[in-house]
Structures are given as C-alpha cells and as structure tokens.
Amino acid sequence: MKQTLLLTFIALLACTACSKESPHGGNGNAERETQGYIDSALWYIGRSELGKAMLQLKQAEQLLPLLDNDKLGYQVCQYIGWINETTGANEMALDYQQEALIYARNHGKPAYIIDVLVNQANTLNNMNRHEEAWQVNLEAVKLFKHADRGQKSVILKNIAYYEMLRDSLPEAERHAYRAAMLASDPSAMGNALSLLCHIYIKQDKDEKAMMLMRILPRNGNATLRHNLLAAQAEYKEKHGDYRDALRIQKEINRLGDSLNSSSRHIDIINIQNKYDRQVIERQSAETKLQLSIAIIGLLLLIAITSTGYYRHTRRIYARYNKRITEIRSDMGDILKQRNAHIDELKRNIDSKMAEINELKDKLPKDYTAEGLYDEVVRTKQGIDVLYAILRGENISQMGRKEQRSAVHALWGVDRQLAAIIENPAYALTPKETFFCIMERYGRTDAQKAASFCCSEQAIRSTKSRLGKKLDPGVLEHRRCRRPPAR
C-alpha cells in the first residue's frame, strides 16, 4: 500500500514537472502536435473527407500562437484556405490565404509563396475578380524560375485565362498549351486542356476543340467536370444546338449548387477526431526510405554509366590517335616509293583515308583533336589533284586551293619539283604550277591542251612565259617517276 502511494506521488511530481517544463520544451511539443494534426488532415484530404480534414486543421490553428515555426503556420493556413476555396467559401479562403502568404514570406521559401499566390488567383477568378487575380498572378510570375512543373502549369493557365478574357487568343492558346504540357497530375492537365478547348472555340478551331473534348477525362474532381461541361455548352451554343446547350447548362448549375452548398462550408470547431498518428508517421518513414533507396540506386547507376562511357571514349580516342599516326606514317612511306604508278598511289591513299573516316565516325561528336586528321586530308587532296593532272582529266577550273594541295603532296613525291614551285622568286600561278607538273612528267603539248581545255598555241605561250621565269632544264622530264597507268 505504501509502495503504491509512493509511486502515485512520484507520478504526480512527474506530471507537475512536465506542466512546468521550459518554454523551449513546450514549443517543441506544440510543434510535434501541430505536425500531427497536419498529417491527419492530409490523410483525410487524400480520402476526400474535407470536413474531417478541416477539424484537424482547426485544432492545429489554435496552436499557432505557441509556435515560432513559419513553415507550420504556412501549412495550416494554406490548407484551410484551400478547403474553403474548394467548398465555395471564397471570402474566408482569401483571409486564410493572406495569412499563409505572410507565413510563407517569413519562411523565405519561394515555392511556398508561389503556392499561396496561385491559390489566391484561383479564388479571385472564382469570384469573377479577374483584374485582381491577374495582379496576384503577376507576383507569381516574378518567381517563375523557382516554381516546379505543377506550379508553372497553374501560373501559365491563369495567364492564358486572363488573355482569353482580353481576346488575346494566340497568346492564350500558347500559354494554355504550355500549361497542359507542364501539368503534374491528370486534373491539372484536364483543367488546362478544357481552357484550351474554350480558346479553340473562340478561334473557330472547332475540330481541335472537339478532339480535346473527346480525350478529356470524364472522371475527375468537380472543377474538372465543371470545366468540361462549360466547354461542351459553349460548343453546342455556337453551333446552334440550344437544346443540348441548355441541358448542359442545367447540369453545370446543379454542379455549382453542389459545390457551393452551405453544408460543405466548414466552420471553426474545437473537436479533435481520434487519429492514429503513428501509422501515418510509419508510412511516411517507409515512403521516405524507399525514395532514398531509389535515389541512391539511381545515383550509383549514373556514376557507373558515366565511368563506363568515359573509359570507352578514352579507349576510342587512344585507338584513333594511334591508328591515324600509323596511317600518316604509312602514307609518307607510300609517297616515297619511287616506282609506284599514280593509280596505285591513289588507290593506297584512298583506302587509308577510308579507314580513318571509319574510325572518326565512331568518335563522339564533340571530339576536337583534328590536327593529324586535317594533315592527312590535305595529303589525300593533293594526291587527288596530282592524279587528275597526270591522268589527263579536265583541270581548267582548278585554282589556288588545288595548287596548294598539289604542292603539299609533291613534298613527299618530288621534293625538287615542290621546291621549284614554291620558290617565291618564281611566283607561279595555279595554271603554271600544273603546267610544270605535266612538263616534269612528260605530258605532250596536245595532252596539256586537252587538260586545260585550250589550244596548243595557248600551251606554247604558257611554256614561253615559264621560260622567262625558270632556269633552263629545271623541269627536265623524269621518266622513272610515276607515269600514269594506261
């Protein structure tokens, strides 16, 4: 008996101590209790039991004076305002949204401010106070870069709605379409698309409007149902089907009466419903754990993929650089072969170039180390020019570019001739350069005339002009050096 009395006395002392705990400790308890009410309200909202959700939020509202946590204050006022807006108590919704805006600005998180502003704009539009809604939405636009996809969708939808009222239909169409593309849930997408229907109807784009009305979901929240019916009524009225338009309008009126009936308006009450907070907290913790595991797995996958891609790319780079260096060396050796025909020379160079291009196509597009490749390309272009010259092809349209390419290749084929052609004292023109090459390799005047598409008299004039520039005998015919194959 004495032991029981002693334990009871100790329990009373503990209760007294708890009731006289420090303000900081009391504040912590109030925060936890408020968060519990908010969690309960969100659970009820998820079940569309708005009345029970409001009861929880009103309990939380009584604790706001004890809190220093602006985030919790924002959440309580924001959810109460949202429920009032949803149930048609627009004036009360505006009061709570204004309080939520104060909390959100004190907290300093742009996403919270945007949430309040878009809800205010929606409420004002519901009250047909469109100019005020537009000004509020402009405040949200200033924070657009901080908004998530869903918030951007609502902001753009409000812009489109205002532009439609002002008959700025092309701009309204563009913003409504973007709103639909950014929508983060089916209801938001349906609301944006139903607005786009109205815009299409006003623009006489009836086929597009009908297409959207066919794909709009028939099941959704009351707002979505209202918007769909409004678009259908407008379409029927425009096309003279007044009977169907009247029927749909009556359905809209019944839906509006249901939305705004006094039975759905939630008053401030001080009754707390019993709620299993621990179940919700456990579910929330499990969700967060699963999300964390998924994020970690995704990060690991990205890291592994990035590492593999980097290593694979480096291997390709190394193989490409090594092979192009080898090919460049091989091409140099090919050019130094004294008895090779020009046909064989071109064939070998073309095959090497094809191999390089095949390797190059496997490289990432941002590969920038082009020095060796460009040099090989110049050599290939030079061989092509020499081939055309020595094969007697039409070279009358060749100019400075072909002259430079040919000289570049000649440094590997015939260094003596390349030195003569590039001697600044001679200052040879492209035609004179090609003439020198043909003269060096024994082309007749008739062959030269055919290549240049001119008369043999013009060829003799070129030869006479070159005779004044060059020393006698420098272009002596080299019979052993790569005659063209016949």
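This text goes with the structure placed above it.
Reading the values: the criteria
- Residues numbered from 1 in each chain as written.
- Predicted model: local features only at pLDDT ≥ 70, side-chain atom pairs only at ≥ 80, totals over all residues.
- Heavy atoms only, no water.
- Axes fitted to C-alpha atoms, helices over the stretch in contact; angles between N-to-C directions.
- Helix = DSSP H or I, 4+ residues; strand = E, 2+ residues; numbered from the N terminus.
- Parallel < 35°, antiparallel > 145°, perpendicular 65-115°, else oblique.
- Left-handed = near helix turned anticlockwise from the far one by under 90°.
- Contact = heavy atoms within 4.5 Å.
- Nonpolar A, V, L, I, M, F, W, Y, C, P; charged D, E, K, R; others polar.
- Disulfide = S-S within 2.5 Å.
- Buried < 20%, exposed > 50% of the residue type's maximum accessible area, 1.4 Å probe, protein only.
- Patch = residues over 30% accessible without salt bridge, like charges linked within 9 Å, V, L, I, M, F, W, Y side chains within 5 Å.
- Areas by Shrake-Rupley, 256 points an atom, 1.4 Å probe, with all protein chains shown as cover.
- Salt bridge = Lys/Arg side-chain N within 4 Å of Asp/Glu carboxyl O.
- Expected span 1.5 Å × (residues − 1).
- Polar contact = N/O pair within 3.5 Å; in protein donor to acceptor, adjacent residues only side chain to side chain.

Enquirer: Could you give me a rundown of the packing of helix H10 (residues 186-202) against helix H11 (residues 206-215), with the residues and numbers involved?
Expert: Each pair of packed helices gets described by two things: the angle between the helix axes and the distance between those axes. Interhelical geometry of H10 versus H11 gives an angle of 160° and a closest axis separation of 8 Å. Taken together, H10 and H11 sit at an angle that is classed as roughly antiparallel. For the crossing formed where H10 meets H11, the hand is left-handed. Where H10 approaches H11, its residues Leu193, Leu196, Cys197, Tyr200 and Ile201 are matched on the opposing element by Asp206, Lys208, Ala209, Leu212 and Met213. Here the contact of H10 with H11 is built from residues that sort into eight nonpolar, no polar and two charged.

Enquirer: Explain the state of the cysteines to me, using residue names and the numbers behind them.
Expert: One pass over the structure, following the stated rule, counts zero disulfides. Cysteine cysteine 454 shares no disulfide, and the gap to the nearest cysteine sulfur, in cysteine 453, comes to 7.8 Å. Exposure remark for cysteine 454: the relative accessible area of 25% places this residue in the partly exposed category.

Enquirer: Account for the side chain of threonine 34, with residues named and values stated.
Expert: With respect to the helices, strands and loops of the structure, threonine 34 is situated in helix H2 (residues 23-46). The contacts of threonine 34, once residues within four sequence positions are left out, are Ala60, Leu63, Leu67, Leu72 and Val76.

Enquirer: Report on a nonpolar patch on the surface, specifying residues and quantitative values.
Expert: Taken together, the side chains of Leu291, Ile295, Leu298, Leu299, Leu301 and Ile302 make up a nonpolar region of the molecular surface, amounting to roughly 580 Å² of accessible area. Here isoleucine 295 lies in helix H14 (residues 277-335).

Enquirer: Mind laying out the pattern of salt bridges, listing which residues take part and the relevant values?
Expert: Enumeration according to the criterion identifies 12 salt bridges in this entry. Two residues, lysine 142 and glutamate 139, come together in a salt bridge whose shortest N-O distance is 3.3 Å. Pair noted here: lysine 142 and glutamate 139 are both in helix H7 (residues 130-142), with a separation of three residues, about one helical turn. Put simply, glutamate 432 and arginine 465 hold a salt bridge, and the shortest N to O gap is 3.1 Å. Of this pair, glutamate 432 sits in helix H19 (residues 430-440) while arginine 465 sits in helix H21 (residues 456-469); the two residues are 33 residues apart in sequence, bridging distant segments of the chain. For glutamate 432, a relative accessible area of 2% translates into the label buried. For arginine 465, a relative accessible area of 38% translates into the label partly exposed.

Enquirer: So what about helix H8 (residues 149-165)? Which residues, and what values?
Expert: Helix length check: H8 (17 residues) gives 24 Å between terminal C-alpha atoms against 24 Å at 1.5 Å per residue, within 8%. Summarising burial for H8: 12 of the 17 residues are buried, a large majority. Those residues of H8 that fall on the buried side of the exposure criterion are Gly150, Gln151, Ser153, Val154, Ile155, Leu156, Asn158, Ile159, Ala160, Tyr162, Glu163 and Met164. Where H8 begins, one side-chain oxygen reaches toward the backbone nitrogen of glycine 150, 3.2 Å away; that side chain belongs to aspartate 148. Positive backbone phi, approximately 65°, marks aspartate 167, located one or two places after H8.

Enquirer: Which residues make up unusual backbone geometry, and what are the values?
Expert: The backbone phi angle of aspartate 167 is positive, close to 65°, even though this residue is not glycine. With respect to the helices and strands, aspartate 167 occurs in the loop between H8 and helix H9 (169-182). For aspartate 167, a relative accessible area of 59% gives the class exposed. With phi around 55°, cysteine 453 is a residue other than glycine that occupies positive phi space. Secondary-structure assignment places cysteine 453 in the loop between helix H20 (445-452) and H21. Exposure remark for cysteine 453: the relative accessible area of 52% places this residue in the exposed category.

Enquirer: Requested: an account of helix H6 (residues 110-126), with residues and values cited.
Expert: The end-to-end C-alpha distance of H6 is 24 Å, a good match for the 24 Å that 17 residues give at a rise of 1.5 Å each. Burial of H6 is extensive: 13 of the 17 residues sit out of reach of the surface.

Enquirer: Can you explain the environment of histidine 408? Please cite residues and give values.
Expert: Here histidine 408 is to be found in helix H17 (residues 400-413). Residue class for histidine 408 comes out partly exposed when judged on its relative accessible area of 21%.

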